[in-house]
Amino acid sequence: EPVAEKTTPQPQRSAQKPPQPKRLFLRVPDKECEQYRKAENLTGIFEGGFPVVFYDASTKQYDFDHAGIALSDYLLAQFRDLLGEENVILK
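Note that the structure is predicted; figures quoted are calculated from it, not measured.

**Student:** Outline the environment of Pro51, supporting the account with residue identities and numerical values.
**Tutor:** Among the secondary structure elements, Pro51 is positioned in the loop between β2 (47-50) and β3 (52-56). It is 8.2 Å that separates the C-alpha atoms of Pro51 and Phe64, two residues lying 13 residues apart in sequence. For Pro51, the residues in contact, after removing those within four places along its chain, are Lys22, Arg23, Leu24 and Gly68.

Next comes the structure, spelled out in structure tokens:
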């Protein structure tokens, strides 16, 4: 009769953390709209080190020229309420 091999339990692999997002992208209809003004105002209130990039859907241009924000769940919720879930992207 074959002898059962002893198997040593494999250590649990720690779940790999997803890569940390590097920027917050905010899509706005254009730079003249109220949503843009409000979103820009929020970036001024919650200044910090996390980069923000606005995307102007009317011109299809990215605007990297903004101060960073102090990223938080609260602030993300504010942007999502203002611009819509699909227009607030962490990458």
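From this point, the narrative continues.
**Student:** So what about the packing of aromatic side chains? Which residues, and what values?
**Tutor:** By the definition in use, this model includes five aromatic pairs. The interplanar angle of 75° and the centroid separation of 5.0 Å between the aromatic rings of Tyr36 and Phe54 together place this pair among those described as edge-to-face. A residue pair is termed long-range when its members are at least 10 positions apart, and Tyr36 in helix α1 (residues 34-45) and Phe54 in strand β3 qualify at 18 residues. Both residues of the pair, Tyr36 and Phe54, count as buried. Taking 6.1 Å as the distance between ring centres and 35° as the angle between the ring planes, the aromatic pair formed by Tyr62 and Phe64 counts as tilted. An aromatic cluster is built from Phe25, Tyr55, Tyr62 and Phe64, whose rings are joined through pairwise contacts.

**Student:** Give a detailed account of the sheet that holds strand β5 (residues 88-90), specifying residues and quantitative values.
**Tutor:** Spatial strand order, β4-β3-β1-β5: four strands in an open sheet with mixed pairing. In this open sheet, the two edge strands, each paired with only one partner strand, are β4 (61-63) and β5. Averaged over all pairs of adjacent strands, the angle between their axes in this sheet comes to 25°, without regard to strand direction. Strand direction decides the pairing type here: strand β1 (residues 24-28) and β3, joined by five bridges, are parallel. Bridge pairing links Phe25 to Val53 in β3. The sheet contacts of α1 involve β1, β3 and β4, and relative to β3 the element is tilted by about 175°. Where helix α2 (residues 73-83) meets the sheet, it contacts β1 and β5, and its direction lies at approximately 20° from that of β1.

Cut-offs applied
Residues numbered from 1 in each chain as written. Predicted model: local features only at pLDDT ≥ 70, side-chain atom pairs only at ≥ 80, totals over all residues. Heavy atoms only, no water. Helix = DSSP H or I, 4+ residues; strand = E, 2+ residues; numbered from the N terminus. Contact = heavy atoms within 4.5 Å. Phe/Tyr/Trp six-rings, centres within 6.5 Å; stacked < 30°, edge-to-face > 60°. Buried < 20%, exposed > 50% of the residue type's maximum accessible area, 1.4 Å probe, protein only. Pairing = 2+ DSSP bridges. Axes fitted to C-alpha atoms, helices over the stretch in contact; angles between N-to-C directions.

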